[in-house]
Amino acid sequence: MMAARTHAEPAPTSLGGGEPEPAIPVSGGRVTADEVPERLAAVRRRIAAAAERVLRDPDEIRMVAVTKMVAPEMIVAAQRAGQIDFGENRAQEFRRKLAVIEPPVAWHFVGRVQRNKVADVTGLAQLIHSVDRLELAEALAARAQRDGLRQRILVQVNTGLDPAKAGVVPEEAPALIERVRELSGLACEGLMTVPPLAADPRPLFARLRALRDTLRSRFPEIQQLSMGMSGDFEVAIEEGSTIVRLGEALFGPRPLKPA
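Remember, predicted model here, so these are calculated numbers, not experimental data.

Reading guide: rules and limits
- Residues numbered from 1 in each chain as written.
- Predicted model: local features only at pLDDT ≥ 70, side-chain atom pairs only at ≥ 80, totals over all residues.
- Heavy atoms only, no water.
- Helix = DSSP H or I, 4+ residues; strand = E, 2+ residues; numbered from the N terminus.
- Buried < 20%, exposed > 50% of the residue type's maximum accessible area, 1.4 Å probe, protein only.
- Contact = heavy atoms within 4.5 Å.
- Areas by Shrake-Rupley, 256 points an atom, 1.4 Å probe, with all protein chains shown as cover.
- 1 Å grid on protein atoms, 1.4 Å probe; cavity = no way out; pocket = protein on both sides within 12 Å on 5 of 7 lines; lining within 4 Å.
- Points joined across faces, edges and corners; volume = space filled by probe spheres on them.
- Nonpolar A, V, L, I, M, F, W, Y, C, P; charged D, E, K, R; others polar.
- Salt bridge = Lys/Arg side-chain N within 4 Å of Asp/Glu carboxyl O.
- Phe/Tyr/Trp six-rings, centres within 6.5 Å; stacked < 30°, edge-to-face > 60°.
- Core = buried A, V, L, I, M, F, W, Y, C linked by side-chain atoms within 4.5 Å.
- Expected span 1.5 Å × (residues − 1).
- Polar contact = N/O pair within 3.5 Å; in protein donor to acceptor, adjacent residues only side chain to side chain.

Enquirer: Which residues make up the overall build of the protein, and what are the values?
Expert: A tally of regular secondary structure across the protein gives 9 helices and 8 strands. Counting every position in the protein, which comprises 259 residues, the buried fraction comes to 53%. Across the protein, the fraction of contacts at a sequence separation of at least 24, relative to all contacts at a separation of at least 6, is 63%. Surface exposure of the protein reaches about 11,600 Å², of which carbon and sulfur atoms provide 52%.

And the structure:
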C-alpha cells in the first residue's frame, strides 16, 4: 500500500487561488460523539448481515466513514471505536482535516476532483474514488510522478446515465482504464458509482459489478467496487460492493452549513 505524505504540518490559511478555507464545523448534526461508537457497531452488524445473506465474508468489505461537514471530535470518536478509513468530498475541507486528525487514519477522497485541486489530494488520499476523465487522470499522474508517488485510484462510472452525476458512461470505461494504465503515476484498482437519487440502485450496482467482471479479463488489477452509501449500502453489498461510503448512517444528518 502506498504511504501517504505526511500531514503533520499546520494548515495554510488558503489553498490555491486565494480562496478562503471553510471552517471545520464544531458539531456533527443531531448525533453526539458519545453516540458514534454504537452507531459504528450497528452499521458493522448490518454490513455483516448483508454479506452473510449472499454468502460473502464481511471482512471483504471496507467501510469508509465520510466526514463531509463532520466535526473533528466525531472523527476522533470513530477512531477510538476502531474506524480507520475516512473519506472527504471537498479538497479544502480535506486539507483542514489532515492538519488536525492524528493517525491512525487512511484517507479516501470520494468527491469530484477539480484540476486546480490535484495537489491537495495526490499522495494525501490513499485512494481517490472519483477519476472520471482522462484530463484529470493525466493531471493526477503528473503530480504523482513529480512527487515520486504512485497514486491509487478508482474510475467513476455513471451507471445510471444521469446527467447530474459525474462519471464515464459504462461503454467508455475500458478506454479510460486503458489510458490510465499508460500513466506511470497512477494505479487503477477498480470502479465507483453513485446512482441517481430516484433510481432503484440494485440494477445499477449489478451493472457495475458485471462491468468489473468483464474488465478483469483484460485488466486483472480491476478488483474494487466502491458502491453503496447510507441509504443503500446493504443492497450494494448484496450486489458485490467491496467499499461502502457512509456518512449519515454513522454521524447523522449533516448541518446545513458549517457551525
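Enquirer: So what's going on with the layout of surface pockets? Which residues, and what values?
Expert: Of the pockets and cavities examined, the largest pocket occupies roughly 620 Å³. What lines the largest pocket is a set of 24 residues, among which N89, V110, K165, V194 and M229 lie closest to the centre. When its residues are assigned to classes, the lining of the largest pocket shows 10 nonpolar, 7 polar and 7 charged.

Enquirer: Any details on the environment of N89? Residues and values, ideally.
Expert: Along the chain, N89 turns up in the loop between β2 (85-88) and α3 (91-100). Separated by 19 residues in sequence, N89 and H108 place their C-alpha atoms 8.9 Å apart.

Enquirer: Any chance you could break down the pattern of salt bridges for me, citing the residues and the numbers?
Expert: In the structure shown here, the tally under the stated rule is 21 salt bridges. The partner of D132 in a salt bridge is R133, with the nearest N and O atoms 2.4 Å apart. On the basis of relative accessible area, D132 is assigned to the buried category, the value being 8%. Three or more residues are tied together by salt bridges with common partners; here these are R53, R202, R209, E238 and E239.

Enquirer: Give me unusual backbone geometry: which residues, what numbers.
Expert: Across the junction of P103 and P104, the peptide omega takes the value 5 degrees, indicating a cis bond. Position of P104 among the secondary structure elements: in the loop between α3 and β3 (106-109). A positive phi angle, close to 60 degrees, is found at M69, a residue other than glycine. Tracing the backbone shows M69 in the loop between β1 (62-66) and α2 (72-80). Assessed through its relative accessible area of 8%, M69 is described here as buried. One non-glycine residue with positive phi stands out, namely L161, at about 50 degrees. Along the polypeptide, L161 turns up in the loop between β5 (151-156) and α6 (173-181).

Enquirer: Quick rundown of the packing of aromatic side chains? Include the residues and the values.
Expert: Given two aromatic rings, one states the distance between the centres and the angle between the planes to describe the pair. Taken as a whole and assessed by the stated rule, the structure comprises 3 aromatic pairs. The interplanar angle of 50 degrees and the centroid separation of 6.1 Å between the aromatic rings of F86 and W107 together place this pair among those described as tilted. Of this pair, F86 sits in strand β2 while W107 sits in strand β3, placing them 21 residues apart in sequence. Its relative accessible area of 0% is what places F86 among the buried residues. For W107, a relative accessible area of 2% puts it in the buried group. Ring-pair connections join several aromatic residues into one group, and the members of that group are F86, F94, W107 and F109.

Enquirer: Tell me about the nonpolar core, and please be specific about residues and values.
Expert: Counting residues in each nonpolar core, the largest one holds 64 residues, and the members touching the most others are I128 and L191. The greatest single-element share of this core, amounting to 6 residues, is contributed by helix α1 (residues 36-53). Among all residues touching L191, those that are not within four sequence positions of it are L154, V155, V157, I177, L208, L211, R212, L215, I222, Q224, L225 and S226.

Enquirer: Break down helix α5 (residues 134-146) for me, citing the residues and quoting the values.
Expert: Taking 1.5 Å per residue as the helical rise, α5 with its 13 residues ought to reach 18 Å, and the 18 Å between its terminal C-alpha atoms agrees with that figure. Looking at α5, one finds that the buried residues are L136, A137, A139, L140, A141 and A144. Contacts made by the buried residues of α5 are with α4 (118-121), β4 (127-131), β5, α6 and β6 (186-192). Of the residues trailing α5, G148 is marked for its positive phi of about 70 degrees.

Enquirer: Quick rundown of the side chain of S130? Include the residues and the values.
Expert: Mapped onto the fold, S130 is located in strand β4. Using a relative accessible area of 1% as the deciding quantity, one classes S130 as buried. Here G111 takes part through its backbone oxygen, which lies 2.3 Å from a polar atom of the side chain of S130. Beyond its immediate sequence surroundings of up to four residues, S130 is in contact with F109, V110, G111, R112, V113, L136, L154, Q156 and M192.

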